[in-house]
Number of protein chains: 2
Amino acid sequence: MAEPLTPVTLADVAQVAGVSKMTVSNVINNKPSMSNETRQRVQRALEATGYVVNPAARALAGRRSNLIGVLTPRVNWPFVTEVLHGASVAAEAAGLNLGIFTTANNPTLERERATLLRTLADGVLLVAPSADEEHIFGQAVPVVTLGAHGQRSIQVDNHTGAAIATRHLLGLGHRRIAHLRGKHSHILDAAQREAGFLATMQAAGQAVPPEYLQDGEFSEEGGERAARVLLTLPEPPTAIFAANDRSAIGALRAAHALGLRVPQDLSLVGFDDIHATSVTDPPLTTVRQPLEKMGETAARLLIDLIRGTEPAQSHVIFPATLVTRASTAPPRADRGSS
Amino acid sequence: MAEPLTPVTLADVAQVAGVSKMTVSNVINNKPSMSNETRQRVQRALEATGYVVNPAARALAGRRSNLIGVLTPRVNWPFVTEVLHGASVAAEAAGLNLGIFTTANNPTLERERATLLRTLADGVLLVAPSADEEHIFGQAVPVVTLGAHGQRSIQVDNHTGAAIATRHLLGLGHRRIAHLRGKHSHILDAAQREAGFLATMQAAGQAVPPEYLQDGEFSEEGGERAARVLLTLPEPPTAIFAANDRSAIGALRAAHALGLRVPQDLSLVGFDDIHATSVTDPPLTTVRQPLEKMGETAARLLIDLIRGTEPAQSHVIFPATLVTRASTAPPRADRGSS
DNA sequence: TTGTACGCGTTATCAA
DNA sequence: TTGATAACGCGTACAA
């Protein structure tokens, strides 16, 4: 089993087995019409030579590459990694490889990597894209989006999730509730969460002053910055609903820095239920989306598309649920009165 | 700029520009010898047709694919994502694509994805491999390992890092110090950290009873399980040094569950300085390795290898530093006396 | 400076 | 059931 210096090709195997290249190819791809005897002879030759397919050649010849391409801004966002883990599992189960490519939200990189995947992958999974990138792929390859974009997408019920979080805070007695929103221009999910928040506040007859909407940028740094602004307002909020957990953790940091206790002085709700929310001080109340499961579902949908099985639905919306931890409590009497 | 139904090839561009395929190819690859006029004509044709290279064909023809392949067990380990972020940055700077492939520590997947990368990538980065996987690639493609394996590797000074952590605890007055180790059989780094711990204890004249070495498996669950064993011992340790932050966070969980306060009842030191350590309750004292920088360095080393520049060193060892947070303190007088 | 011929390893097509 | 041949899109080597 020593490594051959020059890669073994179909032709080599064919020669060893005393058959043609096509026969070997047919064995590898499990073509049905074939005598058992030759099949076994080829199998032996395959093992003896240590043959491995050349994916480049396979892709060029027009057959599938057995590769699912993932396009995502960054891999060090917990949201992304948890989704990807789910997708990996599904891909493995289907015998497909999963290759992850980052775009850093850089349009040039997006285009470049997209064109790479266009010819290299059998299907593409867009995870948390900053815009509708589906069009880049045209008809060349099936695409599934994880997020609120695109023709085929997996997403959570953002509007209801935001409503649940907001009602939770209202139910505790909060009236001065602020929102750390995500970036509108880029991510549709952010807009849906904000809309859910505003609709719920309005339905409860609570006005939301404009300065109670701050941009947390979906990041810890952004959340910290925005929360500082909110908490140093003349009339600061008694509760904050953040558009994701990372910005909520930033807000937590800001509260600590300003000497505010959570939840006594400030209630805090996040969104996503990433793993870190259970180890923060205090553990964060948040709106859970089943990230791994969503990743798995997205990958399976894509695999169906690749296999030519038109899937039943092209938009799957997962329900959002509230996970109540220790970061929310009724407002203090002296601050809660508006 | 409408999407063509059939991909544009070199030949198409050549026809539009009124030149041969090779001229187009030469323009794309910035070959020097070429008249400015034809170069511009080809450029225009390139833009007009919306041509993009076919990486499969390029790889098959023997030229480089401009792809760095990364092989790693999982992407939802903070250690891995922080390293990968650094590597991404370096790859982008060099104009290379970075594709990440997971192995789930499954030998079959490892082999399969390795053979895929062998023909698909210009170079391979092994991040936290569970064993020496370099040999799979033979001479086919340059390989750099992030971790304590392989011919070319980037790693942290595990032995000294463990010694620093241990001395920190000894300096605070702890004598009963336990260690949550990683998996020996798989990861060399784990063995080096344990050796550093034991050597330091021995140098200080402190015996380490065998039950003070528990396997934390580098995971949160494993750390929690192992810490429970330690903390329910007849003579429990007053301090724990964990082989990585994830198992330290598990230990933190176990301590809370058992009603122990950190650091009053138990001091805790981790390893890695992943992002989460700064938001836990209490924030974790840990041994920092500069993960992003290490990822960046590894990628750059690999890029040098790909470009044919033999790099100055083939083993880079980064220093480890102690980050003191709130999880360590002197032992309580009534428990500290051995 | 530009063009021609060929090969990379695989699959599709069609004939035997 | 098997095999010969022609693509797939690009780069290298050489010739013009």
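Predicted model, so just to flag it, every value in this text is computed and none were measured.

Asker: Would you take a moment to explain the packing of aromatic side chains for this structure?
Answerer: For any pair of aromatic rings, the description rests on two quantities: the centre-to-centre distance and the angle between the ring planes. Residue and element names in this part refer to chain A. Applying the stated criterion across every chain, the model contains four aromatic pairs over all chains. Centre to centre, the rings of F241 and F271 are 6.5 Å apart; their planes meet at 45°, and the pair counts as tilted. Note that F241 is positioned in strand β8 (residues 239-242) and F271 in strand β9 (residues 267-272), a separation of 30 residues in sequence. Looking at F241, the relative accessible area reads 0%, which means it is buried. The class for F271 is buried, based on a relative accessible area of 0%. Through a chain of ring-to-ring contacts, the aromatic side chains of F197, F241 and F271 assemble into a single cluster. Its end group placed over the ring of F271, R193 keeps NZ or CZ at 3.8 Å from the ring centre.

Asker: Looking at this structure, I do not really get the packing of helix α7 (residues 158-171) of chain B against helix α8 (residues 188-203) of chain B. What am I missing?
Answerer: Helices that pack against each other are described as a pair by the angle of their axes relative to one another and the distance between those axes. Residue and element names in this part refer to chain B. Interaxial distance between α7 and α8 falls to 7 Å at its minimum, and their mutual angle equals 40°. Classified by the angle between their axes, α7 and α8 sit oblique to one another. Considering the relative orientation of α7 and α8, their crossing is right-handed. Judged by residue contacts, N158, H159, A162, A163, T166, R167 and L170 of α7 engage D189, Q192, R193, A195, G196, F197, A199, T200 and M201 from α8. Tallied by class, the residues present in the contact of α7 with α8 amount to seven nonpolar, six polar and three charged.

Asker: Just to check I follow, could you spell out the domain arrangement of chain A for this structure?
Answerer: Often, the extent of an interface is quoted as the loss of accessible area upon association of its parts. Residue and element names in this part refer to chain A. Taken domain by domain, chain A consists of domain 1 (67-155 + 291-317) and domain 2 (158-289). Spacing between the C-alpha centres of domain 1 and domain 2 amounts to 29 Å. With 13 residues of domain 1 in contact, the opposing surface of domain 2 contributes 12 residues. Summed over both sides, the interface between domain 1 and domain 2 buries roughly 1000 Å², with carbon and sulfur atoms accounting for 52% of that surface. For domain 1, the biggest contributors to the area lost against domain 2 are S130, A148 and L291; these three give 36% of the whole. Remark: the boundary between domain 1 and domain 2 carries zero salt bridges. Linking domain 1 to domain 2 there are four residue pairs in polar contact (both at pLDDT 80 or more). At the level of secondary structure, the elements contributing two or more residues to the side of domain 1 that touches domain 2 comprise α5 (78-93) and α11 (291-307). Here the element with the most residues in the side of domain 1 that touches domain 2 is α5; it accounts for three residues. The residue inventory of the side of domain 1 that touches domain 2, partitioned by class, reads eight nonpolar, four polar and one charged.

Conventions adopted
Residues numbered from 1 in each chain as written. Chains lettered and ligands numbered in written order. Predicted model: local features only at pLDDT ≥ 70, side-chain atom pairs only at ≥ 80, totals over all residues. Heavy atoms only, no water. Phe/Tyr/Trp six-rings, centres within 6.5 Å; stacked < 30°, edge-to-face > 60°. Helix = DSSP H or I, 4+ residues; strand = E, 2+ residues; numbered from the N terminus. Buried < 20%, exposed > 50% of the residue type's maximum accessible area, 1.4 Å probe, protein only. Lys NZ or Arg CZ within 6 Å of the ring centre and 35° of its normal. Axes fitted to C-alpha atoms, helices over the stretch in contact; angles between N-to-C directions. Parallel < 35°, antiparallel > 145°, perpendicular 65-115°, else oblique. Left-handed = near helix turned anticlockwise from the far one by under 90°. Contact = heavy atoms within 4.5 Å. Nonpolar A, V, L, I, M, F, W, Y, C, P; charged D, E, K, R; others polar. Domains from an automatic or database assignment. Buried area = accessible area lost by both parts, 1.4 Å probe. Salt bridge = Lys/Arg side-chain N within 4 Å of Asp/Glu carboxyl O. Polar contact = N/O pair within 3.5 Å; in protein donor to acceptor, adjacent residues only side chain to side chain.

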